Amino acid sequence: MAVSLSSIKDLLLPGLRGVEGKYEMIPSQYDKVFVKHESKLALERTAELRFLGYAQLKTEGGQTKFDNGSGERYLYNQEHTEIGLGYAITRKAIDDNVYKTQFHPSNLGLIESFQQTKEIYGFNVFNTGNVYNSSIGGDGVALFSTSHPIDGGTWANTPTTQVDLNEGSLLNAMISIRVNFRDQAGLKVFARGRKLLVPPQLEPVAIRLSKTELRPGTADNDVNAILTTAGGLPEGYMTCDFLTSQYAWFLLTNIDGLAYMERVKFETDMQVDFVTDNLLVKGYERYSFGYYNPRSAYGVYPTA
């Protein structure tokens, strides 16, 4: 049903002080977490390979050990989603509206709707990161798991016991990233935590942990080890308005693997319907959010 005169009845007569309802939008957050890629395909796939493992001890006159196990291990998929929204407004509502400058029919917040929808889709990667999604494929476990498979073993980017954000849990996460992240052949990789990602409810905790020079929460004169352990957190913390759990927290690492793939940029169109004279306005874009390397983040999902 189109926006009609009855929908804007108070905008038809002079004497109205003003029109409210448009607010300043939250600045873009997804682009501070996900790396943007242009896409030419309906489905983008990224393969993870296994390269050579450790060199082996060789005895005098003995044979050199050969490692012929290299090759493709896992395939990560990103299938793009179509996003659309539109509205119709009658000609009478346009003609008789006295407050066109404040309630313009061609600008009813379409851009804002698409922007916030994109944030929700983006951070849903984290909100559901502890649940395996078979459409992504990959290594067969959730983005955040204690059992990511590699040749001859596993590695973890979440703790065995999900713990609240505090000094000890954050330090353990930073050390775990440095010590336990390995490639498919089992070799250690240069992995470091770079940014703490928290919901608004944990922002005070993040401030205390990352902004104090001395050890947080104690009367000791110790230095704050968070600032230097495993390289510290060079990008500090980020508060995200679109994380749904008030307890979950994440560490982004220096390893790429979180992707925003843009297939069709945001576009708008409008036309007047020949039969009804209604003005039709719509927007469209096509993209996907996903990941192709779980080493790009460390996630913790406490429930209280």
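Everything below is about the structure printed above this text.
All values reported here derive from a predicted model rather than from experimental measurement.

Attention shifts here to the overall build of the protein chain. Assigned secondary structure in the protein chain consists of four helices and 12 strands. Relative to its full complement of 304 residues, the protein chain shows a buried share of 41%. Put simply, 78% of the contacts in the protein chain that link residues at least 6 apart link residues at least 24 apart. When the accessible area of the protein chain is evaluated, it comes to approximately 17,100 Å², of which 52% is carbon and sulfur surface.

An order of β8-β7-β9-β12 is seen for the four strands of this open sheet, with the pairing classed as mixed. The strands lining the two open edges of the sheet, one partner per strand, are β8 (237–239) and β12 (297–300). The sheet shows a mean angle of 20° between the axes of neighbouring strands, direction not considered. Bridge count between strand β7 (residues 193–198) and β8: three bridges; the pairing is parallel. Bridging from a neighbouring strand, Val-198 pairs with Thr-239 of β8. Packed onto the sheet, helix α4 (residues 203–211) meets β7 and β8 and runs at close to 165° relative to β8.

This brings us to unusual backbone geometry. One non-glycine residue, Ala-230, lies in the positive phi region at around 50°. One can find Ala-230 in the loop between α4 and β8. Judged by its relative accessible area of 9%, Ala-230 falls in the buried class. Its identity as a non-glycine residue notwithstanding, Asp-277 has a phi of 65°, on the positive side.

Our next topic: the nonpolar core. In this structure, Val-33, Phe-34, Phe-123, Phe-126, Leu-197 and Phe-250 are the most contacted members of the largest nonpolar core, which totals 35 residues. Elements with a contribution of two residues or more to this core: β3 (71–79), β4 (81–89), α1 (91–96), α2 (110–127), β9 (249–253), β10 (258–272) and β11 (279–291). Each residue touching Leu-197, except ones within four places of it in the same chain, is listed here: Val-33, Phe-123, Phe-126, Met-238, Cys-240, Leu-243, Trp-249 and Phe-250.

With that settled, consider the packing of aromatic side chains. Under the defined criterion, the tally for this structure stands at 18 aromatic pairs. Joined through ring pairs, the aromatic side chains of Tyr-30, Phe-34, Tyr-121, Phe-123, Phe-126, Phe-144, Phe-250, Tyr-260, Tyr-287, Phe-289 and Tyr-301 make up one cluster.

This paragraph deals with the side chain of Thr-158. Looking at the secondary structure, you find Thr-158 in the loop between β6 (153–155) and α3 (167–180). In this structure the side chain of Thr-158 is engaged in a polar contact, spanning 3.2 Å, whose partner is the side chain of Gln-162. Within the structure, the side chain of Thr-158 is placed 2.6 Å from the backbone oxygen of Gly-299, a separation counted as a polar contact.

Mapping Ser-134 onto the fold places it in the loop between α2 and β5 (148–150). Residue classification places Ser-134 among the exposed positions, given a relative accessible area of 60%. Note: C-alpha distance between Ser-134 and Tyr-76 (58 residues apart in sequence) is 9.9 Å.

The next point concerns α3. Taking 1.5 Å of rise per residue, 14 residues should cover 20 Å, and α3 covers 20 Å from first to last C-alpha, within 8% of that figure. Along α3, the positions that sit buried rather than exposed are Glu-167, Ser-169, Leu-170, Leu-171, Ala-173, Met-174, Ser-176 and Ile-177. Where the residues of α3 are buried, they touch β7, α4, β9 and β12. At the N-terminal boundary of α3, the capping side chain belongs to Asn-166, with an oxygen 3.1 Å from the backbone nitrogen of Gly-168.

One pass over the structure, following the stated rule, counts 12 salt bridges. We note a salt bridge from Asp-67 to Arg-50, for which the minimum N-O separation is 2.8 Å. You can see Asp-67 sitting in the loop between β2 (43–50) and β3 and its partner Arg-50 sitting in strand β2, a full 17 residues away along the chain. Judged by relative accessible area, Arg-50 falls into the buried class, the value being 10%. Notably, a salt bridge pairs Lys-118 with Glu-285, separated by 3.1 Å at the nearest N-O pair. Taken together, the residues span a long stretch of sequence, with Lys-118 in helix α2 and Glu-285 in strand β11 at a distance of 167 residues. Take Lys-118 and Glu-285: they sit in the same class, and that class is buried. Salt bridges linked by common partners bring Arg-50, Asp-67, Arg-73 and Asp-151 together as one network.

What counts and how
- Residues numbered from 1 in each chain as written.
- Predicted model: local features only at pLDDT ≥ 70, side-chain atom pairs only at ≥ 80, totals over all residues.
- Heavy atoms only, no water.
- Helix = DSSP H or I, 4+ residues; strand = E, 2+ residues; numbered from the N terminus.
- Buried < 20%, exposed > 50% of the residue type's maximum accessible area, 1.4 Å probe, protein only.
- Contact = heavy atoms within 4.5 Å.
- Areas by Shrake-Rupley, 256 points an atom, 1.4 Å probe, with all protein chains shown as cover.
- Pairing = 2+ DSSP bridges.
- Axes fitted to C-alpha atoms, helices over the stretch in contact; angles between N-to-C directions.
- Core = buried A, V, L, I, M, F, W, Y, C linked by side-chain atoms within 4.5 Å.
- Phe/Tyr/Trp six-rings, centres within 6.5 Å; stacked < 30°, edge-to-face > 60°.
- Polar contact = N/O pair within 3.5 Å; in protein donor to acceptor, adjacent residues only side chain to side chain.
- Expected span 1.5 Å × (residues − 1).
- Salt bridge = Lys/Arg side-chain N within 4 Å of Asp/Glu carboxyl O.

In short, geometric facts, not functional conclusions.
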